[in-house]
Structure formats: structure tokens, C-alpha cells
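# Working through the structure, step by step
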Amino acid sequence: MKSHRQILEMSGGVPTVTSFKPERIKLDFPIFTRTVHGKPLIYLDSAATTQKPQVVLDTIEKYYSYQNANVHRGLHTLAEEATAAYEATRTKVAEFIGGVKPEEVIFTRNATEAINIVAQSWGEANVRHGDRIVITQMEHHANLVPWLMLSRKTGAKLKYIKITGDGLLDLSDIDEIIDSRTKIVALTQMSNVLGTINPVEEIIEIAHKKGAMVLIDGAQSVPHLPVDIKALHADFLAFSAHKMLGPTGIGILYGKQEFLEKMEPVTYGGEMISDVRFESVRWNTLPWKFEAGTPHIAGAAAFGAALQYLQNLGMDNIRRHELELTAYALERLAALDFIKVFGPTDPEKRGGAIAFADNDIHPHDLATFLDTLGIAVRAGHHCAQPLTKLLGVSSTTRASIYIYNTTDDIDHLADGLNEARKYFRYV
Ligand code: PMP
């Protein structure tokens, strides 16, 4: 395992914590001007949702104030501008994930809806009794329940890639788990509980050799790592704008055109048709076939601003910053003998979602206490109940970082954990 100092020294030409300047980035986020319980806000819950920079907020306001119109339907200036803003973000997303075709990028409500579209549309058409669906033990419910339901409906067997004691995927029997009966492998690229970064490249290669499709849950990876879905050759990718500075209510399903073309829509109505008769209907072309009804237009426009903000920082730089800060956080937490951290100890193998438990204080009490200090963390099963059980606990406390977090924030967390011991009289 590399220490925080070693990682700092390794960073070569890539900006480090010192040149990345999260303190400067914080100034772009109005929320950091507020206090919580009289203390400056220390936001360590970005794995749940991230804060929004001024430019994203301004885009929403500008859209509703001066551009508001429905997309694709009008021949007036406002409708054209709204459509242009909406479609411009689609193109930006396509570039952001490695230069795919814009028609392969579908706007959804969130990552959850994106995964459900694949499970329902592709799944119900292609998965049969006796087939296999493979996921991992570390999946968020969003990438577990749709496959559980698909296995119930079809009689296909749901198989799990296990995790090791240190929170990595156990690939020792991967050739038995992903076999010729496997129709799809759906896995997260980064765990929202353990922080683990999974070797998706290797798994995609194995799955494709066995003739299986691969869906990547990128809800935690796309906001934090450079993700080139074209280079990965994944068939589907799902993620949410709100976890990468954008608004809630908008997400992305990427799919290879050849598969999306063959898939049936799962929601019917306006926009997704090319021709409707009283007795028949023809679907629209990609990507609109999957976008029934009025979409989140302001959300798309603002997501475009969020992507631009991230691109200006550079995804490599973001990863470098988070790697350093994660290493720092792991070191600070490891020094607290009453805290157990879950997930990989090597910061290179993980992102900055760090779940931990105090030996004595219940996670909910701990989170509530930290909140009195202005520190926002999350407690619970983090929508990964089977994984939490596997860890031998009913819940954990999770601190998670993003571009605006500093070593100071981590120091406050560590101090807060010490103070909680005093408050609950364990010292
Ligand atoms: N997958 C993972 C790994 C996540 O962390 C989350 C959000 N916590 C989701 C899927 C679902 O994202 P959303 O709620 O935005 O659909």
C-alpha cells in the first residue's frame, strides 16, 4: 500500500492536491457559504449526491428565465434554443464517455432508470429459463433488484461474483461463474460502499469471450475517473448527473447502437414515435425511441454546464486529487483504533467513498453527532443491504469526497470521531 506522501511524490506532471486547489473550487459552490448548526458546512456525502457550482445553478435559472420551451416540437425560436441546449448536452456526454455516437446516449431520470430499461427491454427479449445473469455481491440495489426481477420473470439464474475479505472482487472462479449460459454481466465500476474500483476491462473481456453482454454501473465511476466506454467495449453504461455536479432527475443510458436499435422501448407516448395510426405505431429513431414524454430540459442544459466544469478541471486531475485525499483519509482513520474501515486499504484500488464503523457508537448516532459539528456524512446500508450484511454489520457510516474536499475536511472528520467518543462517554 502506498502512503499519502508516496502518492504525492508519484504524481509527476499531473497536478497534486497542492496545485488542484479544492479551496479555490469551493468558492464556486454557494452552499459552502452556509453554516450547519452554526458551523461551516463540511460536506462528505458526495457519493449520495454532489453539490452544484454556480455555473450549473445559473444555467437552470437562465433556461427557465429566458429559453423555456418544449423540445423537438416547435418551430419557434425558443423551442429551437431549448432543443439545441438539450441536444448539445447529449453530444457533450457522448464525448465525455469516450467519443461514442450521440444517438447511443439516452437521457433517463437517473442511473436506476437506465439499468431498468436494459433489464426490461433487452433482458425480457433475450434472457430465458436456464440462462445466467451475473452481478457482484457489492452492487447497489439499483443494479441488483432489476436483475433479481428479471431472473424471477424468466427463470434465469442470478449468480454473484463474490468479494474477498479486503473488499475486492474474487475472480478465482470467474470462469465458472461467467459461463456459456451467461447472457449478461452487470457490475459496478466503483462501489458506493467499499470504494472498490473493479477491473471492469478484464471482466468485460471474459464476458464477451463467453458471448455475454456487459452493463457497467458507472454511477460512482463516471463522476470520479476518466471513463472511456469505447475503449472498454462495454455494451451498456448507466450513470446519474446529480453525482457529478448536475441536477437531480436526469441520468444517462449509453448503449451500443447495434443493441439499442433492436431493443423495444419500455415507456410509450409522445416523442418516442415516428408514426401513429389508430391501429398501429412505429417507433422513432435512436435515441428518442427511449425518451417518451417531455424530458428534463433544464436538467440537460445544466448537466452540460456541469460536464464543462469537470472537463475544465480534467478528469485525470480529479482522480489524482481524490486518490491523494483518499490516501490521507485512510491514514487518518487507520490511526483511530476504535474505527474499522471497510474496503480496500490500498487507495490506488479504490475511490473516495469510505464506509466505516465505530466499535461502540451506532452509525446513526455517529452521523447525527457529526451533523452537530456541521459535518455531513451518511449512515445506513447505502442501498446495498446484502453487501452490508456480508460485512457483518447492519449499517455503516460513510464519508465520501469530491473535487471540493480538502485535507482540512478530513481533519475535521477525524476530530469529530474523537469528540464523539467523549460525547458518548467511551473515553
Ligand atoms: N449505482 C451506484 C453504485 C450508486 O451509488 C447509485 C446511487 N447511490 C446508483 C446506482 C443509483 O443512482 P440513482 O439513485 O441516481 O439512480
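Residues numbered from 1 in each chain as written. Predicted model: local features only at pLDDT ≥ 70, side-chain atom pairs only at ≥ 80, totals over all residues. Heavy atoms only, no water.

### Thoughts on the overall build of the chain
Across its full length, the chain carries 16 helices and 17 strands. Compactness check: the chain gives a C-alpha radius of gyration of 22 Å against a globular reference of 22 Å for 427 residues, within 12% of the reference. Oriented by its inertia axes, the alpha-carbon framework of the chain measures out at about 75 × 55 × 40 Å. When each of the 427 residues of the chain is scored for burial, the buried share is 56%. If you take every contact in the chain between residues at least 6 apart in sequence, the share linking residues at least 24 apart comes to 72%. Carbon and sulfur atoms provide 52% of the accessible area of the chain, an area that totals close to 18,100 Å². Across the chain, the mean location of the 44 positive side-chain charges is 4 Å away from that of the 51 negative side-chain charges. (Helix = DSSP H or I, 4+ residues; strand = E, 2+ residues; numbered from the N terminus. Rg over C-alpha atoms; globule rule 2.2 N^0.38 Å. Buried < 20%, exposed > 50% of the residue type's maximum accessible area, 1.4 Å probe, protein only. Contact = heavy atoms within 4.5 Å. Areas by Shrake-Rupley, 256 points an atom, 1.4 Å probe, with all protein chains shown as cover. Lys, Arg positive; Asp, Glu negative; His and termini not counted. Charge placed at Lys NZ, Arg CZ, Asp CG, Glu CD.)

### Overview of the site of the ligand
The ligand sits among 13 residues. The nearest are T112, D217, Q220, S240 and K243. One of the backbone N or O atoms of A111 is found 3.3 Å from an oxygen atom in the ligand. Measuring from an oxygen atom of the ligand, one finds a side-chain N or O atom of H242 at 2.7 Å. Computed on the free molecule, the ligand has an accessible area of 390 Å², of which 88% lies beneath the protein chains in the complex. (Near = heavy atom within 4 Å. Polar contact = N/O pair within 3.5 Å; in protein donor to acceptor, adjacent residues only side chain to side chain.)

### Things to note about the sheet that holds strand 17 (residues 396-400)
With antiparallel pairing, the four strands of this open sheet are ordered in space as 13-14-17-16. The sheet is open, and its two borders are formed by strand 13 (339-341) and strand 16 (378-380), each paired with just one other strand. Across the sheet, the mean angle from the axis of one strand to that of its neighbour is 30°, orientation sign disregarded. Sheet topology places strand 13 next to strand 14 (residues 353-358); three bridges connect them, and they run antiparallel. Within strand 14, the position partnered with I339 by the bridge is D358. Where helix 13 (residues 315-334) meets the sheet, it contacts strand 13 and strand 14, and its direction lies at approximately 5° from that of strand 14. (Pairing = 2+ DSSP bridges. Axes fitted to C-alpha atoms, helices over the stretch in contact; angles between N-to-C directions.)

### Brief notes about the sheet that holds strand 8 (residues 213-217)
The strands making up a sheet are joined through hydrogen bonds of the backbone, oriented either antiparallel or parallel. Within the open sheet, the seven strands sit side by side as 4-10-9-8-7-5-6. Their pairing is mixed. Edge positions in the sheet fall to strand 4 (105-108) and strand 6 (157-161), since each of these pairs with one other strand and no more. Direction aside, neighbouring strands of the sheet carry axes that sit 20° apart on average. Pairing of strand 9 (residues 236-240) with strand 10 (residues 251-255) involves five bridges; the strand directions are antiparallel.

### With respect to helix 7 (residues 145-154)
Buried within helix 7 are the following residues: P146, W147, L150, S151 and T154. All buried residues of helix 7 project into a common sector of 135° when viewed along the axis, lining one side. The outward face of helix 7, more than 90 degrees from its buried face, is lined by the exposed residues R152 and K153. Here the buried face of helix 7 lies against helix 6 (111-126), strand 5 (132-136), strand 6, strand 7 (182-188) and strand 8. (Arc of directions from axis to C-beta.)

### Examining helix 9 (residues 200-209)
All buried positions along helix 9 are accounted for by V200, I203, I204, I206 and A207. The buried residues of helix 9 occupy an angular sector of 165° when the element is viewed end-on, so they sit on one face. Exposed and oriented more than 90 degrees from the buried face of helix 9 are E201 and K209. Buried residues in helix 9 make contact with helix 8 (174-177), strand 7, strand 8 and helix 10 (229-232). After helix 9 finishes, the residue G211 shows a positive phi value of roughly 85°.

### Some points on unusual backbone geometry
Working note: non-glycine residues mostly have negative phi, and peptide bonds are mostly trans. Put simply, L286 and P287 share a cis peptide bond, and its omega is 0°. Tracing the chain through its elements places P287 in the loop between strand 12 (281-283) and helix 12 (297-313). You will see that H37, though not glycine, has its phi angle at about 50°, which is positive. Position of H37 relative to the elements: it lies in the loop between strand 1 (35-36) and strand 2 (39-40). Although it is not a glycine, H233 adopts a positive phi angle of roughly 60°. Tracing the backbone shows H233 in the loop between helix 10 and strand 9. Using a relative accessible area of 48% as the deciding quantity, one classes H233 as partly exposed.

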